[in-house]
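Residues per chain, in single letters:
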Number of protein chains: 2
Amino acid sequence: MADKEFNIAVVGASGAVGREMIAVLEERNFPISSLSLLASARSEGNRLEFKGESIRVERLKHDSFKGVELALFSAGGSVSKEFAASAVKAGAVVIDNTSHFRMEPNVPLVVPEVNPETIATHKGIISNPNCSTIQMVVVLKPIHDAARIKRVVVSTYQSTSGAGKKAMDELFSQTVAILNQREIKVNVLPHQIAFNCLPHIDVFCDNGYTKEEIKMVNETKKILADPSIALTATCVRVPVFCGHSEAVNIQTERKLTAKEVRDLLSVAPGVEVVDDPANNSYPLAIEAAGKDPCYVGRIREDISTENGIDLWVVADNLRKGAALNAVQIAEYMVENSLLPWSP
Amino acid sequence: MADKEFNIAVVGASGAVGREMIAVLEERNFPISSLSLLASARSEGNRLEFKGESIRVERLKHDSFKGVELALFSAGGSVSKEFAASAVKAGAVVIDNTSHFRMEPNVPLVVPEVNPETIATHKGIISNPNCSTIQMVVVLKPIHDAARIKRVVVSTYQSTSGAGKKAMDELFSQTVAILNQREIKVNVLPHQIAFNCLPHIDVFCDNGYTKEEIKMVNETKKILADPSIALTATCVRVPVFCGHSEAVNIQTERKLTAKEVRDLLSVAPGVEVVDDPANNSYPLAIEAAGKDPCYVGRIREDISTENGIDLWVVADNLRKGAALNAVQIAEYMVENSLLPWSP
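Residues numbered from 1 in each chain as written. Chains lettered and ligands numbered in written order. Predicted model: local features only at pLDDT ≥ 70, side-chain atom pairs only at ≥ 80, totals over all residues. Heavy atoms only, no water.

Caption draft 1: Main features of the overall build of chain A. Counting its secondary structure elements, chain A contains 8 helices and 13 strands. Against the 2.2 N^0.38 benchmark of 20 Å for 343 residues, chain A shows a C-alpha radius of gyration of 20 Å, consistent with a compact globule. Oriented by its inertia axes, the alpha-carbon framework of chain A measures out at about 60 × 55 × 40 Å. Put simply, of all contacts in chain A between residues at least 6 apart along the chain, 66% involve residues at least 24 apart. For chain A, the exposed area adds up to about 12,800 Å²; of that, 48% sits on carbon and sulfur atoms. Taken as two groups, the 36 positive and 42 negative side-chain charges of chain A have centres that lie 4 Å from each other. (Helix = DSSP H or I, 4+ residues; strand = E, 2+ residues; numbered from the N terminus. Rg over C-alpha atoms; globule rule 2.2 N^0.38 Å. Contact = heavy atoms within 4.5 Å. Areas by Shrake-Rupley, 256 points an atom, 1.4 Å probe, with all protein chains shown as cover. Lys, Arg positive; Asp, Glu negative; His and termini not counted. Charge placed at Lys NZ, Arg CZ, Asp CG, Glu CD.)

Caption draft 2: Region of the structure containing the relation of the copies chain B and chain A. Of the two same-sequence chains, chain B is brought onto chain A (RMSD 0.0 Å, axial shift 0.0 Å) by a rotation of 180°. What the rotation and shift describe, once combined, is the action of a two-fold rotation axis. Comparing interface residues between copies, 100% of those in chain B also lie at the interface in chain A; the contact surface is shared. (Least-squares fit on C-alpha atoms with pLDDT ≥ 70 in both.)

Caption draft 3: The pattern of salt bridges, seen in detail. Summed over all chains, the structure comprises 40 salt bridges over all chains. A salt bridge links Arg28(B) to Glu331(B); the shortest N-O distance between them is 2.8 Å. Residue Arg28(B) is located in the loop between helix 1 (16-27) and strand 2 (32-39), and its partner Glu331(B) is located in helix 8 (residues 319-335); the two are separated by 303 residues in the primary sequence. When salt bridges that share partners are traced, they join Glu20(A), Glu27(A), Arg28(A), Asp292(A), Arg319(A) and Glu331(A) into one network. (Salt bridge = Lys/Arg side-chain N within 4 Å of Asp/Glu carboxyl O.)

Caption draft 4: Representation of the interface of chain B and chain A. Contact residues are listed per partner, giving 57 residues for chain B and 57 residues for chain A. Taken together, both faces of the contact between chain B and chain A bury some 4,800 Å²; the carbon and sulfur share is 62%. At the boundary of chain B and chain A, one finds 6 salt bridges. With a closest N to O distance of 2.7 Å, Arg151(B) and Asp302(A) form a salt bridge. Joining chain B to chain A, the criterion identifies 37 residue pairs in polar contact (both at pLDDT 80 or more). Secondary structure elements with two or more residues in the side of chain B that touches chain A: strand 8 (149-157), helix 4 (165-179), helix 5 (211-223), strand 9 (230-234), strand 10 (244-252), helix 7 (285-288), strand 12 (294-301) and strand 13 (308-315) of chain B. (Buried area = accessible area lost by both parts, 1.4 Å probe. Polar contact = N/O pair within 3.5 Å; in protein donor to acceptor, adjacent residues only side chain to side chain.)

Caption draft 5: Broad picture of the sheet that holds strand 3 (residues 47-50) of chain B. Residues and elements named next belong to chain B. The sheet built from 7 strands is open, its strands ordered 3-4-2-1-5-6-7 with mixed pairing. Only two strands of the sheet have a single neighbouring strand rather than two, namely strand 3 and strand 7 (125-127). Each strand of the sheet is rotated relative to its neighbour by a mean of 25°, with strand direction disregarded. As judged from the 3 bridges shared by strand 2 and strand 4 (residues 53-59), these two strands associate in the parallel manner. Within the sheet, the bridge partner assigned to Ala39 lies in strand 4 and is Arg59. Along the sheet, helix 1 makes contact with strand 1 (6-11), strand 2, strand 3 and strand 5 (70-73), crossing strand 3 at roughly 25°. On top of the sheet, helix 2 (residues 77-89) reaches strand 1, strand 5, strand 6 (93-96) and strand 7; it is set at about 175° to strand 5, its chief contact. (Pairing = 2+ DSSP bridges. Axes fitted to C-alpha atoms, helices over the stretch in contact; angles between N-to-C directions.)

Caption draft 6: Structural detail: empty space enclosed by the protein. Taken as a whole, this structure holds 1 cavity of 30 Å³ or more when the rule is applied. In this structure, the largest cavity encloses a volume near 30 Å³. In terms of lining residues, the largest cavity is bounded by Leu171(A), Thr175(A), Ala194(A), Phe195(A), Pro239(A), Thr175(B), Phe195(B) and Pro239(B). Here the residues of the lining of the largest cavity are counted per class, giving 6 nonpolar, 2 polar and no charged. (1 Å grid on protein atoms, 1.4 Å probe; cavity = no way out; pocket = protein on both sides within 12 Å on 5 of 7 lines; lining within 4 Å. Points joined across faces, edges and corners; volume = space filled by probe spheres on them. Nonpolar A, V, L, I, M, F, W, Y, C, P; charged D, E, K, R; others polar.)

Caption draft 7: Seen up close, the sheet that holds strand 7 (residues 125-127) of chain A. Residues and elements named next belong to chain A. Taken together, the 7 strands give an open sheet; going across it, the order is 3-4-2-1-5-6-7, and neighbouring strands pair in mixed fashion. With partners counted over all chains shown, the strands left at the sheet margins are strand 3 (47-50) and strand 7, one partner each. The average undirected angle you get between the axes of adjacent strands in this sheet is 25°. Pairing analysis gives 4 bridges linking strand 5 (residues 70-73) to strand 6 (residues 93-96), with the strands arranged parallel. Residue pairing in the sheet places Leu72 in a bridge with Ile95 of strand 6. Each of strand 1 (6-11), strand 2 (32-39), strand 3 and strand 5 is contacted by helix 1 (residues 16-27), which is oriented at about 25° to strand 3, the strand it contacts most.

Caption draft 8: Molecular detail of the packing of aromatic side chains. Per the counting criterion, the structure on display carries 9 aromatic pairs over all chains. Taking the centre distance of 4.5 Å and the plane angle of 40° together, the rings of Phe195(A) and Phe241(B) count as tilted. Residue Phe195(A) is located in the loop between helix 4 (165-179) and helix 5 (211-223), and its partner Phe241(B) is located in the loop between strand 9 and strand 10; the two belong to separate chains. As far as burial versus exposure is concerned, Phe195(A) and Phe241(B) are alike and both buried. The ring of Tyr209(B) carries Arg300(A) above its face, with NZ or CZ at 4.7 Å from the centroid. (Phe/Tyr/Trp six-rings, centres within 6.5 Å; stacked < 30°, edge-to-face > 60°. Buried < 20%, exposed > 50% of the residue type's maximum accessible area, 1.4 Å probe, protein only. Lys NZ or Arg CZ within 6 Å of the ring centre and 35° of its normal.)

Caption draft 9: The state of the cysteines, seen in detail. All names here are of chain B. By the definition in use, this model includes 0 disulfides over all chains. In this structure Cys242 is a free cysteine whose sulfur lies 10 Å from that of Cys131, the closest cysteine sulfur available. We classify Cys242 as buried; its relative accessible area is 16%. The closest cysteine sulfur to the non-disulfide-bonded Cys294 is located on Cys131, 11 Å from its own sulfur. (Disulfide = S-S within 2.5 Å.)

Caption draft 10: Expanded view of the pairing of strand 9 (residues 230-234) of chain A. Residue and element names in this part refer to chain A. Among the 5 residues of strand 9, 5 are classified as buried, and the element is accordingly described as predominantly covered. Alternating residues of strand 9 divide into Ala230, Thr232 and Thr234 and Leu231 and Ala233, and every residue in both groups is buried. With 5 bridges connecting them, strand 8 (residues 149-157) and strand 9 associate as parallel partners. Bridge assignment links Ser155 to a residue of strand 9, and that residue is Thr234.

Caption draft 11: Here's a closer look at the side chain of His122(B). All names here are of chain B. Considering the arrangement of structural elements, one finds His122 in the loop between strand 6 and strand 7. On the accessibility criterion, His122 (7% relative accessible area) is buried. Among the polar contacts listed, one links the side chain of His122 to the backbone nitrogen of Gly124, at a separation of 2.8 Å. What His122 contacts, discounting residues up to four positions off in sequence, is Val93, Pro108, Met333 and Trp341.

In structure tokens form, the structure reads like this:
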């Protein structure tokens, strides 16, 4: 990495993804000269640790970005909508973790293992894809390159951390209440999540899909730069704290054997194959939590169609699904002298 | 119903499904003259309630079936293998909840809403399908009749009760241990189930599928009497006590709109449509538990293919998925004077 160091801002620093971003920046020793932590008035004055230093969380304002060269946004779509332009105007590159800019044609939507070449085309804003999309496309990419993907049917098993810290707290408190035979409270998620599965993430669209499901469809086409890939998704919240799992069914133009898929994925960047059924070995959310790779297993030839593959993909949705992917984009920019940026 | 009453035996009476069978027999006021509760030596001497009466659990032996006209088996495949013939020899009709006889050509595999006409063809043994198959085929049947199903991709979210009372206890005790930051014990299921998802139900086959997944494939073809239906499944255990959920993707020969599917299912026997996204209304495991219907919602036209439908099916796996389905078969036999049976 370069000797240069950069002024970084993390927007939404006290949220689940914000905290993970700070942890990942520290862990990967990202070259930082100053780190400013920004959040809403509610979190102002909180202090968060970075490399042994306690940093005060400041209130996000339009003039918060003076001197900032890279701003990592993860405070919700409305905050990105309001403040990203101010960051860009101040000279920062924004890596935005919300869905706000993702489908805009002049905003690259990036998974560094899949489409790093699009990073250099940015006009100030780079979008980080949705968590459930990221872990899937990392696995789809080598399969698409080898055999062209025609259609994907995916069902997700998404943890509460994907809905933020409050949703994790709700799973915890509902679980405690049920074990103690007390009444549960439902405040964050639409229904009881403890010991239950909710086929409902984000809001509903007119066609009956949720926005989360539509994100998986549209973002996959954009990241793989192939609008011909057909995809349907059912996104489900499950009573897991961290780590998203996905059952992915893939139909390809050219036949791939399970062994060929396993071989392709064994050497794919960002992927780790965990696939030894004889020893009950397959990816698990509790084992992926806190780890970087997208784990894939249960790789098998689909017995329902000519050229089909079934597999099971698991990743830490706060890391590869959000914070890590954003920091990897930033690292790519440093390595390729794309930072600091001038419009 | 007829005035006749019958001598009934429940084999595996003290298990999760056995207890549910006793409850369903009582609740539906099945015409019983005597009820004998049979189980392994371990449960011998236990007492279970039936209509206010306390009945002693007797040890299952080959001569346990004297005078028995109907035997409901739910004590595992090896017990059915060993003892079903003795029951039939004694003159009983066996309704077997295990997978042991399901794929035998001369054993009807019955979901009363789907293929009741096969009941009369039995030769002493009638098989109850796998829980995850039952709730799916009740929903597939009207769609198949209307538009011919070509291919199904299903991902399941199966509760621990499907693995028996001990698995439910394991979910409970692991959850308590985690909340109290104590070490968890893994004895019944292959890995930690608390706050985790396991893509592993039953044993693995050579082709990478689990036996549970293959059951869904083969049993669906047999029950719908159409080997041309292509099906792939990923079966996943989730940290839910009771109620199986399923994300089902269906491709049909003829196009059906979401409204047509909703209309078809609204009048389908055994099905209840719960599908009002605007009011966050869709089927949930916690709401299906203890209820009879197969609930279906999230009905939408699949945007990835011409003639596709996505939906979400939830049922109480111990009731419709096991005990209730078995008792419904027995009720059909009573109504159609198929009991008592003589070979």
